[in-house]
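Topology and contacts: notes
The chain contents come next:
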Amino acid sequence: MREVGIAISAEVPKTLTVDAVRGSDACIPMGCGTACPVFPGKRYLDWQLDHPAGQGVEAVRPIRGVRQLGRGQ
């Protein structure tokens, strides 16, 4: 992400909480399966991506590209 000016080095994975889902326009979970909170009327997108943990930058670049598409960029 540093390549495109997004600083995430201080970030850590966060549990997807009920409040986070309630306050979102869309939910794009990665790897929480049936443990993710689900609310009627919310938009859920399943991008079928491999989890980026432990992967090199070449493997993560396509994930970043999908993220940008999801934001309309």
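Please read these numbers as outputs of a predicted model, since none were measured by experiment.

The rules behind each value
- Residues numbered from 1 in each chain as written.
- Predicted model: local features only at pLDDT ≥ 70, side-chain atom pairs only at ≥ 80, totals over all residues.
- Heavy atoms only, no water.
- Helix = DSSP H or I, 4+ residues; strand = E, 2+ residues; numbered from the N terminus.
- Buried < 20%, exposed > 50% of the residue type's maximum accessible area, 1.4 Å probe, protein only.
- Contact = heavy atoms within 4.5 Å.
- Areas by Shrake-Rupley, 256 points an atom, 1.4 Å probe, with all protein chains shown as cover.
- Salt bridge = Lys/Arg side-chain N within 4 Å of Asp/Glu carboxyl O.
- pLDDT = per-residue confidence, 0-100.

1. Section: the overall build of the chain
- Across its full length, the chain carries two helices and two strands.
- The buried share of the chain, taken over its 73 residues, is 11%.
- Summarising the internal contacts of the chain: among those between residues at least 6 apart in sequence, 17% fall at separations of at least 24.
- A total of about 5800 Å² of accessible surface is found on the chain, and carbon and sulfur atoms cover 55% of it.

2. Things to note about the environment of Glu-3
- Mapped onto the elements, Glu-3 comes out in the segment before helix H1 (18–22).
- With 54 residues separating them in the primary sequence, Glu-3 and Val-57 have C-alpha atoms 10.0 Å apart.
- Excluding residues that lie within four positions of it along the chain, Glu-3 makes contacts with Val-57, Arg-61 and Arg-64.

3. Structural notes on the environment of Arg-64
- As for its position among the elements, Arg-64 is in helix H2 (residues 57–70).
- Residue classification places Arg-64 among the buried positions, given a relative accessible area of 14%.
- Considered as a pair, Arg-64 and Val-4 are 60 residues apart in the sequence and their alpha carbons are 9.6 Å apart.

4. Some words on the pattern of salt bridges
- One pass over the full model with this rule turns up one salt bridge.
- A salt bridge links Arg-22 to Asp-19, with the shortest nitrogen-to-oxygen separation between them at 3.7 Å. You can see Arg-22 and its partner Asp-19 sitting in helix H1, three residues apart, about one turn around the helix. The same class applies to Arg-22 and to Asp-19, which are both exposed.

5. Digging into the confidence of the model for the chain
- Per-chain confidence: the chain averages 75 in pLDDT, with 78% of residues scoring 70 or above.
- No element of the chain has a lower mean pLDDT than H2, which averages 68, and none a higher one than strand S2 (residues 43–44), which averages 84.

6. Considerations on the side chain of Ser-24
- On the secondary structure map, Ser-24 appears in the loop between H1 and strand S1 (26–27).
- The class for Ser-24 is buried, based on a relative accessible area of 19%.

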